[in-house]
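# Analysis of the macromolecular model
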Amino acid sequence: MGVASVPSQGRPVGSSRGQAARIRILGVSHTYAGRGMPVKALENINLTVEPGQFLSIIGPSGCGKSTLLRIVAGLVRSSDGEVVFEVDSGPVRELPGGDIGFVFQDSVLLPWKTVWDNVIFPLQVLGRTGPQAEATIRELLELAGLRGFERALPKELSGGMRQRVSIVRALAMEPRVLLMDEPFGALDALTRDRLNIELLRLWDQHPMTILFVTHSIEEAVFLSDRVVVMSPRPGRIVEDLAIELDRPRAIEVRDEPAFRKYVAHLRGLLG
Amino acid sequence: MGNAKAAKVALHVGLFVAFVAVWHLYTVIARVPAYLLPSPLTVWQKFLWTIDRAQLARHVWVTLEEILVGVAIGTVLGLVFGYVLGKSPAAERILSPYILVAQTSPKISFAPLFILWFGLGMTSKVVLVTLVVFFPIMVNGIVGMRSVDPRLYELMHLLKASRWQIFRALELPTAMASFLAGLRIAATQSMVAAIIGELMGAREGLGYLLMLGHETFDITLVLVAVAVMSTLGLVLYLLVQQVERSVLRWRD
Ligand SMILES: Nc1ncnc2c1ncn2[C@@H]1O[C@H](COP(=O)(O)OP(=O)(O)OP(=O)(O)O)[C@@H](O)[C@H]1O
Ligand SMILES: [Mg+2]
């Protein structure tokens, strides 16, 4: 607001902490051993997500979307294939701590810490606190509409506000990769719309590679550069659709014929 | 608010005064002999006498020290075992039958053994208190460790947090609620353990005073000891409750 800014030409792909990462998912399959019958959740997933790209994954329930996200995060070891991250220094199998942010379906906060302490917590663990980090957090809280709630405890917030805190916490680390598993699934449509806009604005200012899982086709098209559709279990990629709508996008973009065409196409694939 | 609180205090003071008055009137009207039930005034005088001539403060301090040292050791041991068993379900499965037996057995019954092994001094009571405190702290520690949200563990994993960081920032605060509930049980039981230990054989402490009153048919001394112990127990309980309130402010 204060500083006159030149309208950005295309998307910058570097944050203050270095470049967003390219994600290469190479022949990933996964089978859960489980009790009794093994469950084949993913089959030969190949996907390259470009640095700074916003990619959404949609698909029927139980097709392995969460599993794929957890494999990319390194929380689950895939039974086959591998995930490689390409950063400025070259390809790596594992990113350093704090380079991957994860947002769950509902907020996961430390209930005994205030909003501010929750958000700064990862930076404390990483040993990256300081005036600059605090300035970033202040800006993010402002953008997420949480100003004035810094000293509030999670129990004093609404569900939507708590989820915004979770998102701000993930963004405050300025991760190279942000993984979001139905982050707005539990919210009402109105809040969801607002948070979609906010997320795009935050992403615009803190570029990172985003993998976004959702059940809403409209949400996927609205947010993404690319939408990937998965088949029922075992999940395979059945469509990889580039969304070529201008940015920045406003809610009204949903009424445009181009938008409706993307949605109709994807709905046909899932129907 | 202030008025309501003042009214509450006044009510309790009033009830206490009424209780003492009824007690006093009963001993006077029914002419109860003093060796069965002395009047409150007699007990009060005995109380002052005990402070002055029988080193009451010394006895209180001995019992309190047994409790505090025993609670400290029992808590540390209980937390260490609780952490290890909470972290390792396999170890807990193997040990759980023994834990169950140890938990359900009346640990107080070890008192004569401990007197035999550790003597009439404070050590035998400290060991008894430690034993009594250890189990609720350990069991509640395990429960606390298990109640950590697995997704928080995953977030810590993404931060490549160290074991110590995970303990400090996640496991300790999560387990705190259940730990303090254990401590509340432990505080009450530690008092009982110290007194029973002293009753079984001691030369100092409130339990010793109680025993002395019993053996010399001095019921007034018994009542003084009982009153002091009750007060001490209440103070310990309120202390833990206060800690609980201030530490767990974040809960609903
Ligand atoms: N920890 C686990 N152990 C065993 N099986 C699992 C485990 N997690 C998931 N599965 C199975 O793997 C399959 C894929 O699960 P996953 O959670 O990845 O699906 P999803 O696409 O995220 O579904 P949803 O849209 O409902 O969230 C499901 O059939 C599920 O039952
Ligand atoms: Mg899922």
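All residue numbers here refer to positions counted from 1 along the written sequence of the relevant chain. For this description, chains carry letters from A and ligands carry numbers from 1, given in the order in which they are written. The predicted origin of the model limits local features to residues at a pLDDT of at least 70 and limits the giving and counting of side-chain atom pairs to 80 or more, whereas totals for whole chains, interfaces and linings rest on all residues. Only hydrogens and water are set aside when side-chain values are computed; all heavy atoms of the structure are taken into account.

### Some details on the domain arrangement of chain A
Residue and element names in this part refer to chain A. Where each domain starts and ends comes from a domain assignment, either automatic or drawn from a database. Splitting chain A by domain gives domain 1 (2-99 + 175-269) and domain 2 (109-174). Centre-to-centre, using C-alpha coordinates, domain 1 lies 23 Å away from domain 2. Any two residues whose heavy atoms approach within 4.5 Å at even a single point are treated as in contact. Listed as interface residues are 20 residues of domain 1 and, on the opposing side, 17 residues of domain 2. One speaks of a salt bridge when a side-chain nitrogen belonging to Lys or Arg is within 4 Å of a carboxyl oxygen belonging to Asp or Glu. Linking domain 1 with domain 2 are zero salt bridges, by the criterion used here. The term polar contact refers here to a pair of N or O atoms within 3.5 Å; inside protein, the definition further demands a hydrogen-donor-capable atom paired with an acceptor-capable atom, and it admits residues adjacent in sequence only when both atoms are side-chain atoms. Counting the contacts that link domain 1 with domain 2 gives one residue pair in polar contact (both at pLDDT 80 or more). Every helix listed is a DSSP run of H or I at least four residues long, and every strand listed is a run of E at least two residues long, numbered separately from the N terminus. The biggest single contributor to the side of domain 1 that touches domain 2 is helix α5 (residues 189-205), with six residues. Class assignment for the residues of the side of domain 1 that touches domain 2 results in nine nonpolar, six polar and five charged. In the scheme used here, Gly and all other residues not listed as nonpolar or charged are polar, with Ala, Val, Leu, Ile, Met, Phe, Trp, Tyr, Cys and Pro taken as nonpolar and Asp, Glu, Lys and Arg as charged.

### So, the environment of L248 of chain B
Residue and element names in this part refer to chain B. Relative to the assigned elements, L248 resides in the segment after α10 (219-247). Between the C-alpha atoms of L248 and M176, which are 72 residues apart in sequence, the distance is 8.1 Å. Not counting residues within four places of it along the chain, the set of residues in contact with L248 comprises A177 and L180.

### Here's the deal with helix α2 (residues 115-126) of chain A
Burial within α2 of chain A is extensive, with nine of its twelve residues counted as buried. In this scheme, a residue with accessible area under 20% of its type's maximum is buried, one over 50% is exposed, and one in between is partly exposed, where area comes from a 1.4 Å probe on protein chains only. Listed in full, the buried residues belonging to α2 of chain A are V115, W116, N118, V119, I120, F121, P122, L123 and V125 of chain A. Residues of α2 of chain A that are buried in the fold lie against α3 (131-143) and α4 (159-172) of chain A together with α7 (150-158) and α8 (163-200) of chain B. A positive phi of about 70 degrees marks G127 of chain A, the residue just after α2 of chain A.

### Re the site of ligand 1
Residues and elements named next belong to chain A. Close contacts around ligand 1 come from 13 residues, with S61, K65, S66, T67 and R233 the closest. At 2.7 Å, a side-chain N or O of S66 approaches an oxygen atom of ligand 1. Side-chain polar atom of T67 to an oxygen atom of ligand 1: 2.4 Å apart, as the coordinates give it. Only the protein chains shown count as cover for residues, with accessible areas throughout obtained via the Shrake-Rupley method and a probe of 1.4 Å. Across the complex, the protein chains shield 64% of the 630 Å² of accessible surface that ligand 1 would expose by itself. The set of elements that each furnish at least two residues to the shell around ligand 1 consists of β4 (39-49) and α1 (65-73). In terms of residue count, α1 provides more of the shell around ligand 1 than any other element does, three residues in total. When the residues that make up the shell around ligand 1 are grouped by side-chain class, the tally is four nonpolar, six polar and three charged. Nearness of a residue to a molecule or strand requires only that one of the residue's heavy atoms be within 4 Å of it.

### Examining the sheet that holds strand β9 (residues 177-181) of chain A
Residue and element names in this part refer to chain A. DSSP calls a pair of strands paired once it identifies at least 2 bridges connecting them. Strand order across the open sheet formed by six strands is β8-β9-β10-β5-β11-β12, with mixed pairing between neighbours. Bordering the open sheet on either side are β8 (100-103) and β12 (237-242), each of which pairs with just one other strand. The sheet shows a mean angle of 15 degrees between the axes of neighbouring strands, taken without regard to direction. In terms of strand pairing, β8 meets β9 through four bridges, oriented parallel. Residue pairing in the sheet places I100 in a bridge with V177 of β9. Note on geometry: axes are lines fitted to C-alpha atoms, helical ones only across the stretch in contact, with angles between N-to-C directions running from 0 to 180 degrees. Contacts between α4 and the sheet are confined to β8 and β9, with β8 contributing the most and set at about 175 degrees to the helix.

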